[in-house]
Amino acid sequence: TQKAAAQVKKLLDGEGLFCEFIAPRLWEHPNTIDGAYTANDPEMRRYAIERSKRAVDIANLMGTKDIVLWLA
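Below: a short report on this structure. Bear in mind the structure is a predicted one, so any value in this text is a computation, not a measurement. Every chain's residues receive numbers from 1 upward, in the order its sequence appears when written. Reporting in this predicted model follows two pLDDT cut-offs: at least 70 for local features of residues, and 80 or more for side-chain atom pairs to be given and counted; totals over whole chains, interfaces and linings ignore these cut-offs and use all residues. Where side-chain values are given, they derive from all heavy atoms of the structure, hydrogens and water being excluded.

The backbone phi angle of Arg 25 is positive, close to 55°, even though this residue is not glycine. Numbering of helices and strands runs from the N terminus; a helix is a DSSP stretch of H or I covering at least four residues, while a strand is a stretch of E covering at least two. Among the structural elements, Arg 25 can be located in the loop between helix H1 (2–14) and helix H2 (42–62). Here Ala 36, not a glycine, exhibits a phi torsion of approximately 55°, which is positive. Assignment of secondary structure puts Ala 36 in the loop between H1 and H2.

Put into structure tokens, the structure is as follows:
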């Protein structure tokens, strides 16, 4: 994850661009189809939380402070 984020950041920096936001994309993964944070299955809730924490870590690596959570 760190290597991939560094590569993307370098690419963006080279083009004079920046990462506006990071999103954990919980709405499209099969594990979170039942509501992510509110899923009936505790394992899927843990998955959603861990994926969200990973998104925060990536945001930090990319130098952005904005996280988008689309809870649909």
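From this point on, the discussion continues.
Attention shifts here to the packing of aromatic side chains. Each pair of aromatic rings taken from Phe, Tyr and Trp, with Trp reduced to its six-membered ring, is defined by centres within 6.5 Å and is described as stacked if the planes are under 30 degrees apart, edge-to-face if over 60, and tilted in the remaining cases. Enumeration according to the criterion identifies one aromatic pair in this entry. Judged by centre distance (4.8 Å) and plane angle (45°), the rings of Trp 27 and Trp 70 are tilted. Taken as a pair, Trp 27 in the loop between H1 and H2 and Trp 70 in the segment after H2 lie far apart in primary sequence, 43 residues in all.

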